[in-house]
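Residue-level listing of the chains:
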Amino acid sequence: MGPPTEHFQQRPETAEMVKGFFDELGCQQSRVYDTGVTEWGLPGNPVVYAKCDEGAPKTIVIYWQYDTMPVTQPDNWKVPPFEGAIIPQDEFKKVLVARGATNSKGPEMSVYNALYSIKAVRGKLPVNVIFVAEGDEERMDIGLRNFVRDHQDLFKGADIMYHGAHSSEGCVYIQLTTSGKSWGRGPVESDIHGANKRSVDSPAWRHIKMLASLVSDDGNTPLVKGWLDNKVPPTPDQIRGLHRRADTANLKTMEANLGVARYIADNPFDILRMQSYETSFNLDGIWGGNMYADAAGAILPNKITSKHNIRYVPNMDGMDLTRKIRAQLDRNGYKDVEMKVIGDVSWSTAEPVNDLNTATRKMRDAFGVLDLYAEAYNANREPEAAELGGYWPSYLFNGGKVGQRVAPAVGMPIGGGAVGRGGRAHAANEFYVIEGAGRTYGMAGAEKSVATDIYNYAGLN
């Protein structure tokens, strides 16, 4: 057993498989693009592009990711995570459990199945479709950023992007390394025998002390000078929206669904506010030295590395945060600690009032599903932009407000949505509901909702 690899390179066969879906749908153009080396020195995974020209007056762009998160704890899964299995779970007779089931292969295939069914029955789609599928979503979209920068022409004529998640928080990912060589103390060439700790300094203990200097004792507050510079608080309308959601939220149910013992705070409003409008400095993983579980072996490591995802909000900037962390490390006496930026995804806020969101609202009304913007629409006023969700590369496509742009955005509205349910993304036993129950739709319902949404948008319902 050794340290994790620097990144998780996708096999070219995966991109070719995705291209095969688009060919099967009858897209006249389809191609796998090499994205080259990104600005942070890592090679990007391929992007798959396709265009189905149906001669329709409107063109939508559909974003996919074909990568998934690695599995960190395979023994905690009910089924082999990369085989997948349909099993009963809770009130549902059929649930797909697999890595990537809900993030994001289940929802993506629901969209694809809807389009394929329309084509099989009608002979053509009611809209032209452009697909863009990346293999770097879990690597900060580093290859997609190159692709969008270099191929703006491929999106010419597109009217809107169909994507259920609209606004996006920002996320910058860094790697910190403490080594005896850089420090000038402790082992410099390799790990050495642990008995030498009696007379040799430890880079591992130095790394732990370094990390502790960057956060409060409970680990919840970054201790970095200027951390919250430029941070914009939620608007009064957004605060009212949080209160409406909190009024019907059950904290115990939320904790159980997430699989946590408890949240930081004790009321739903504070938790929802934190999730949408606050920042975080996470320790994603740490390694070095003896990593054999349940086995002895005296080691004094010569190098320790940790990874960190940092979530930020408007009007903060990811690269500015990395500079502030670097300065704080230097002030704290850790100039020798090496910092590497893996990638940065800027925040963006989409404008919620557009033709596709209007179509989605009508679809949700027909399906009896709550629409987040229904109250604002019914009051004949424009609602605020959607609450910030987990990061996705909306800033590369968004026509709304976008953080600092490293690559130029295409600049189009974003909207749409579907019914259905999944859960436990990035966790053990990730799932997507195949056969719904009660007021929860399964995969067939999700497919019908996509078809309804697209026909609403095309003005053909």
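Going along each chain's sequence as written, the residues are numbered from 1 onward. Local features in a predicted model are, by the rule used here, given only for residues with pLDDT of at least 70; side-chain atom pairs are given and counted only at 80 or more, and totals for whole chains, interfaces and linings are based on all residues. Side-chain metrics rest on all non-hydrogen atoms present in the structure, leaving aside hydrogens and water.

## Describing the overall build of the chain
Runs of H or I in DSSP of at least four residues are treated as helices and runs of E of at least two as strands, each being numbered from the N terminus. Of regular secondary structure, the chain possesses twelve helices and 19 strands. Each radius of gyration reported is based on C-alpha atoms, and the globular scaling rule is 2.2 Å times the count of residues to the power 0.38. Taken against the 2.2 N^0.38 rule, which gives 23 Å for 461 residues, the C-alpha radius of gyration of the chain at 24 Å falls within 12% of a compact globule. If one aligns the C-alpha atoms of the chain with their principal axes, the spans along those axes are about 80 × 50 × 45 Å. For the chain, with 461 residues in total, the buried portion stands at 50%. Split by element, the accessible area of the chain, about 21,800 Å² in all, is 51% carbon and sulfur. The buried label goes to any residue with under 20% of its type's maximum accessible area, the exposed label to any with over 50%, and the partly exposed label to all in between, with areas taken from a 1.4 Å probe on protein chains only. Areas reported here follow the Shrake-Rupley algorithm with a probe of radius 1.4 Å; residue values treat only the protein chains shown as occluding.

## Considerations on the nonpolar core
What is meant by a nonpolar core is a set of buried Ala, Val, Leu, Ile, Met, Phe, Trp, Tyr and Cys residues, joined one to another through side-chain atoms within 4.5 Å. Val132, Leu144 and Phe147 are the most contacted members of the largest nonpolar core, which has 51 residues in total. Ranked by the residues each element gives to this core, the list is headed by strand E8 (residues 170-179), at five residues. Here, two residues are considered to be in contact whenever any of their heavy atoms come within 4.5 Å of each other. Setting aside chain neighbours within four positions, we find Leu144 in contact with Val47, Tyr63, Val132, Glu134, Pro393, Leu396 and Phe397. Of all hydrophobic cores here, the second largest spans 31 residues; its members include Val18, Cys52, Val111 and Ile454.

## Topic: unusual backbone geometry
Of the consecutive residues Asn103 and Ser104, the connecting peptide bond is found in the cis state with omega at 15°. Position of Ser104 among the secondary structure elements: in helix H2 (residues 101-122). Cis geometry marks the peptide bond from Pro314 to Asn315; its omega dihedral reads -5°. For Met140, which is not glycine, the phi torsion reads 65° and is therefore positive. Tracing the sequence through the fold places Met140 in the loop between strand E6 (128-134) and helix H3 (142-150). The backbone of Asp141 sits at a positive phi, close to 55°, despite the residue not being glycine. Locating Asp141 in the fold gives a position in the loop between E6 and H3. Residue classification places Asp141 among the buried positions, given a relative accessible area of 0%.

## Description of the sheet that holds E6
A strand pair is defined by DSSP finding two or more bridges across the two strands. Read across the sheet, six strands follow the order E1-E2-E6-E3-E7-E17 without closing on themselves; strand pairing throughout is mixed. The open sheet has two edge strands, strand E1 (29-33) and strand E17 (414-415), and neither has a second partner. Pairing of E1 with strand E2 (residues 47-52) involves five bridges; the strand directions are antiparallel. Paired with Gln29 across the bridge in E2 is Lys51. Here an angle of 0 to 180 degrees is reported between the N-to-C directions of two axes, which are lines fitted to C-alpha atoms, with helices fitted over the stretch in contact. Relative to strand E3 (residues 59-65), H2 is tilted by about 145°, and along the sheet it contacts E3, E6 and strand E7 (160-162).

## Topic: helix H6 (residues 236-247)
Helices are assigned an expected span. That span is 1.5 Å times one less than the residue count. Here H6 spans 17 Å end to end across twelve residues, near enough to the 16 Å set by a 1.5 Å rise per residue. Of the surrounding secondary structure, the elements contacted by the buried residues of H6 are helix H8 (268-277).

## Side note on the sheet that holds strand E4 (residues 85-89)
Adjacent strands of a sheet form backbone hydrogen bonds with each other and so pair up, either parallel or antiparallel. The strand order E4-E5-E19-E18 describes an open sheet built from four strands, whose pairing is antiparallel. Each edge of the sheet is formed by a strand with only one pairing partner; in this case those strands are E4 and strand E18 (422-423). Its contacts with the sheet put H2 on strand E5 (92-97), E18 and strand E19 (431-435), and the angle it makes with E19 is roughly 35°.

## Remarks on the packing of aromatic side chains
Geometry of aromatic contacts follows a simple scheme: Phe, Tyr and Trp rings, the Trp one being its six-membered ring, pair when their centres are within 6.5 Å, and the pair is stacked under 30 degrees between planes, edge-to-face over 60, tilted otherwise. If you walk through the whole model with that rule in mind, you get 16 aromatic pairs. Ring centres of Phe367 and Tyr441 lie 5.3 Å apart, and the angle between their planes is 55°; this geometry places the pair in the tilted category. Placement of the pair is Phe367 in helix H10 (residues 355-367) and Tyr441 in the loop between E19 and helix H12 (443-458), with a sequence separation of 74 residues. Residue class for Tyr441 comes out partly exposed when judged on its relative accessible area of 28%. An aromatic cluster of at least three residues, connected via ring pairs, comprises Phe21, Phe22, Trp64, Tyr112, Tyr116 and Phe131. Geometry around Tyr457 places Lys58 over its ring, the cationic atom sitting 4.3 Å from the centre. Over a ring means this: the NZ of a Lys or the CZ of an Arg is within 6 Å of the ring centre and within 35 degrees of the ring normal.

## So, the environment of Thr59
By secondary structure assignment, the location of Thr59 is in strand E3. Judged by relative accessible area, Thr59 falls into the buried class, the value being 7%. Measuring from C-alpha to C-alpha, the distance between Thr59 and Ala204 comes to 54 Å, with 145 residues separating the pair along the chain. Beyond its immediate stretch of four places on either side in the chain, Thr59 contacts Asn128, Ile130, Gly157, Ala158, Asp159 and Ile160. In the analysis that follows, any N or O atom pair within 3.5 Å is treated as a polar contact, provided that within protein one partner can donate a hydrogen and the other can accept it, and provided that, for residues neighboring in sequence, both atoms belong to side chains. There is a polar contact of 3.1 Å between the side chain of Thr59 and the side chain of Asn128.

## Notes on the pairing of E4
Here four bridges tie E4 to E5, and the two strands are oriented antiparallel to one another. Pairing of Ile86 across the sheet is with Leu96, part of E5. Connecting E4 to the next strand, E5, in antiparallel fashion are two residues, including Asp90 with a positive phi near 55°.

## A look at the packing of H6 against H8
Any two packed helices are characterised by how steeply their axes cross, that is the angle between the axes, and by the distance between the axes. Close contact between H6 and H8 brings their axes to 9 Å; oriented N to C, the two are set at 130°. One finds that H6 runs oblique with respect to H8. The handedness of the crossing between H6 and H8 comes out as right-handed. Here Gln238, Ile239, Leu242, His243, Arg245 and Ala246 of H6 come into contact with H8, specifically with Pro268, Phe269, Leu272, Arg273, Ser276 and Tyr277. Three classes are used: nonpolar for Ala, Val, Leu, Ile, Met, Phe, Trp, Tyr, Cys and Pro, charged for Asp, Glu, Lys and Arg, and polar for all others, with Gly counted as polar. The class makeup of the residues in the contact of H6 with H8 is seven nonpolar, three polar and two charged. Under this scheme an angle from 65 to 115 degrees is roughly perpendicular, one under 35 degrees roughly parallel, and one over 145 degrees roughly antiparallel; angles in between are oblique. Each helix crossing is assigned a hand: it is left-handed if the near helix lies turned anticlockwise from the far helix by less than a right angle, otherwise right-handed if that turn is clockwise.

Any functional reading would require information that these geometric values do not contain.
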